[in-house]
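Working through the structure, step by step
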There are 2 protein chains.
Amino acid sequence: MLDAIDKKILAEVADLETIPKGAYNIRKNGELLGREVSANINIETNAKRDGIIIDVKPGTVGESVHIPVILSQSGLHDVVYNTFVIGENSDVTIVAGCGIHCGGPESEGHSGVHEFRIKAGAKIRYVEKHLAIGEGSGKRTLNPTTKVVMEEDAQAEMELTQMGGADEAKRFNRARIASRSVLLMTERVMTDGEQSATSTNEIELLETDSRSNIISRSVLKDDSKQDFYVNLTAHAKCYGHIECDAILMGNGNNQTVPALRALHPDAELTHEASIGKIANDQLTKLMSLGLTYDEAVNRIIQGFLA
Amino acid sequence: MLDAIDKKILAEVADLETIPKGAYNIRKNGELLGREVSANINIETNAKRDGIIIDVKPGTVGESVHIPVILSQSGLHDVVYNTFVIGENSDVTIVAGCGIHCGGPESEGHSGVHEFRIKAGAKIRYVEKHLAIGEGSGKRTLNPTTKVVMEEDAQAEMELTQMGGADEAKRFNRARIASRSVLLMTERVMTDGEQSATSTNEIELLETDSRSNIISRSVLKDDSKQDFYVNLTAHAKCYGHIECDAILMGNGNNQTVPALRALHPDAELTHEASIGKIANDQLTKLMSLGLTYDEAVNRIIQGFLA
């Protein structure tokens, strides 16, 4: 069922060497390749048949669900709408990932809309990786959308990573956060060649003691372009922080536009950003330890995106 | 020629107890009240008769020019276009300021467009203060515009302060910076009541080794609103930093939207922002030294805006 390319993609985007334990749903070229549910985690195709509903029972603790997507069919533009309903007081790990293997001259693309309904007291760790590979000349596009609604006392740790190879990415993340809930979102994007990536983020701290920390790490090689937008809006006594850092490796362009909007007198919002090259003293230090220039650069980039 | 209110305004906005030494131009209610030129600094009314041209001879060092504006006529909306030509290798201080005294029910306003042409190697310190006072119920508006063009190896230190009392302010600052030139711009805005202030900034680092540091300090009392926008665009190997800090004292709203645009691989752009209340530990410390709560708050605000 899985060929060599599929296996390579699964290993990269979902850290899977084989079919995962626990609940999973593997989609390949727009079709279901395999699905497993558990006693506590149900997966079913939605009514419109354009995606799946992942339903985690209240109180489910320590389980995981994997939902990787593989695209290897030239000319295919796959669109999915997945919904995650995370029951009260559960604590689960969700691993999503999309790997494109482009073998031909036609374009391939994946647009995944992931909607999270995180119930009171629930905790999730969500890991999403995107990768595009292959010898084909077709344009690869990846447009992930993440929508998060958090009830009170919930926690979400979200890691959104674009590992490389996507010619064009339009990323959109939205979160609405209720009382005492915490969102930590880290987006890591690597681009090279003539690639472009745009990330637009709308984060709303709606209720008392809601918190969010939004981190963006960008590496721009060659002539690639990345734009990062965040609107962080505080409607209550809350705490929000944004951190955007970009490393320019070649002749790329980077634009970062964070907006802090304090609409409540007890809001506390902070932001830090930096755009620049790798610091020379870091390179010098690593090279003095015996690394070549290229090895030192790679080490720094790996650390930055880790 | 100067009445008691005029003298009070001049003291506040231009640190003048009397007619200044050196070149000056005092404008009151749209009319010239007094002008003095020096051997090196000429002031003349422009061709359109809607402003003045201040011309500083190349090599002028250690001189100052004061150009305060007083408004105390109910219903008057004064608009001026002033041009500063700062000759090569000069080093001068320019003190501008606008004071509105509103004694009646009609609105009063001042819109000053200040254009700076700073020639190679020139250095200026520019201090601009805006204040609105008076018992009148008329709306006071202040719309200062500052446009700066810096040739190479120039330095400009600009302090733009809105001391309070303006019901509505729309501030606009633009700078274009050439090789090895440095712009330090600090904007301080205090609002209270139902006042609103918007500051829009367009800063362009055009050439190699240009530098800018843009600092915004906002204090929002009561229900006032402040919005701060910056576009910092790097077209060359350059260094740019933005720092925006706002203190919310009442129920005010603050929005800060800085855009860092790196259009050159050797650009280095950084940003920091914070919006929040006065830190409790700062208050506690000052109160433990014997200050009352109000005294401690005032001390912190004074320090923040100093």
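Residues numbered from 1 in each chain as written. Chains lettered and ligands numbered in written order. Predicted model: local features only at pLDDT ≥ 70, side-chain atom pairs only at ≥ 80, totals over all residues. Heavy atoms only, no water.

Residues and elements named next belong to chain B. In this structure, strand S1 (residues 23–28) lies alongside strand S2 (residues 31–36), joined through 5 bridges in antiparallel fashion. When the bridges of S2 are listed, Lys28 appears paired with Glu31. What sits between S1 and S2 in their antiparallel hairpin is a turn of 2 residues, with Asn29 showing a positive phi close to 50 degrees. (Pairing = 2+ DSSP bridges. Helix = DSSP H or I, 4+ residues; strand = E, 2+ residues; numbered from the N terminus.)

Further remarks concern the relation of the copies chain A and chain B. The transformation that overlays chain A on chain B combines an axial shift of 0.0 Å with a rotation of 180 degrees, and the residual RMSD is 0.0 Å. Viewed as a symmetry operation, the transformation between the two copies matches a two-fold axis. The position closest to the rotation axis in chain A is occupied by the C-alpha of A:Glu272, lying 2.2 Å away. Mapped onto chain B, 100% of the interface residues of chain A are again interface residues, and the two copies thus contact each other with one and the same surface. (Least-squares fit on C-alpha atoms with pLDDT ≥ 70 in both. Contact = heavy atoms within 4.5 Å.)

One finds A:Ile118, A:Leu183, B:Ile118 and B:Leu183 to be the most contacted residues of the largest nonpolar core, which totals 94 residues. In this view, A:Ile118 contacts A:Ile86, A:Ile124, A:Val148, A:Val149, A:Met150, A:Glu151, A:Ala154 and A:Ala156; residues no more than four positions away in its chain are not counted. (Core = buried A, V, L, I, M, F, W, Y, C linked by side-chain atoms within 4.5 Å. Buried < 20%, exposed > 50% of the residue type's maximum accessible area, 1.4 Å probe, protein only.)

Here we take up the side chain of A:Glu187. Residue and element names in this part refer to chain A. One can find Glu187 in strand S14 (residues 182–191). Among the polar contacts made by the side chain of Glu187, one reaches the side chain of Ser199 at a distance of 2.7 Å. Ignoring sequence-local partners within four residues, the contact set of Glu187 consists of Leu160, Arg171, Asn173, Ser199, Ile215, Ser216, Arg217 and Phe228. (Polar contact = N/O pair within 3.5 Å; in protein donor to acceptor, adjacent residues only side chain to side chain.)

Let us now look at the interface of chain A and chain B. If you look at the interface, chain A gives 29 residues, while chain B gives 29 residues. In total, about 2200 Å² of surface goes out of reach between chain A and chain B, with carbon and sulfur atoms giving 49% of it. When the area that chain A buries against chain B is broken down by residue, the three leading residues are A:Leu260, A:Pro265 and A:Ile275, summing to 24%. Across the chain A-chain B interface, the total number found is 2 salt bridges. Its salt-bridge partner being A:Asp266, residue B:Lys277 comes within 3.4 Å of it at the nearest N-O pair. Scanning the region where chain A abuts chain B turns up 15 residue pairs in polar contact (both at pLDDT 80 or more). (Buried area = accessible area lost by both parts, 1.4 Å probe. Salt bridge = Lys/Arg side-chain N within 4 Å of Asp/Glu carboxyl O.)

Now for the UniProt feature "domain: SUF system FeS cluster assembly SufBD core" (unreviewed entry) in chain A. Here the UniProt feature "domain: SUF system FeS cluster assembly SufBD core" (unreviewed entry) sits at residues 82–304 of chain A. Across residues 82–304 of chain A one finds 9% helix and 62% strand; the C-alpha atoms that close the span lie 30 Å apart. (UniProt positions renumbered as here; feature names shortened; annotations may be inferred.)

Here we come to helix H3 (residues 293–305) of chain B. Residue and element names in this part refer to chain B. Spanning 13 residues, H3 covers 18 Å between terminal C-alpha atoms, matching the ideal 18 Å at 1.5 Å per step. Along H3, the residues classified as buried are Ala296, Val297, Ile300, Ile301, Phe304 and Leu305. For H3, the angular spread of the buried residues around the axis is 155 degrees, confining them to a single face. Each element contacted by the buried residues of H3 is listed here: strand S14 (182–191), strand S16 (210–220), strand S18 (238–248) and helix H2 (280–288). (Expected span 1.5 Å × (residues − 1). Arc of directions from axis to C-beta.)

Residue and element names in this part refer to chain A. Scanning the entire structure with this criterion turns up 6 aromatic pairs over all chains. An angle of 10 degrees between the planes, with centres 4.4 Å apart, marks the rings of Phe84 and Phe116 as stacked. Taken together, the residues Phe84 in strand S6 (residues 77–86) and Phe116 in strand S8 (residues 108–118) connect sequence positions 32 residues apart. On the accessibility criterion, Phe116 (0% relative accessible area) is buried. Three or more aromatic residues joined by ring pairs make a cluster, and in this case those are Phe84, Phe116 and Tyr126. (Phe/Tyr/Trp six-rings, centres within 6.5 Å; stacked < 30°, edge-to-face > 60°.)

Once that is clear, we can look at the environment of A:Ile177. Residue and element names in this part refer to chain A. Looking at the element boundaries, Ile177 is found in strand S13 (residues 168–177). By relative accessible area, which is 0% here, Ile177 ends up buried. Setting aside its immediate chain neighbours within four residues, Ile177 contacts Met150, Leu183, Ile203, Glu204, Leu205, Leu206, Glu207, Ser210, Arg211 and Ser212.

All names here are of chain B. With respect to the helices, strands and loops of the structure, Asn40 is situated in the loop between S2 and strand S3 (41–45). Here the alpha-carbon distance between Asn40 and Ala178, two residues 138 residues apart in the chain, equals 25 Å. Not counting the four nearest positions on each side in its chain, Asn40 is found in contact with Asp55, Val56, Lys57, Thr60 and Glu63.

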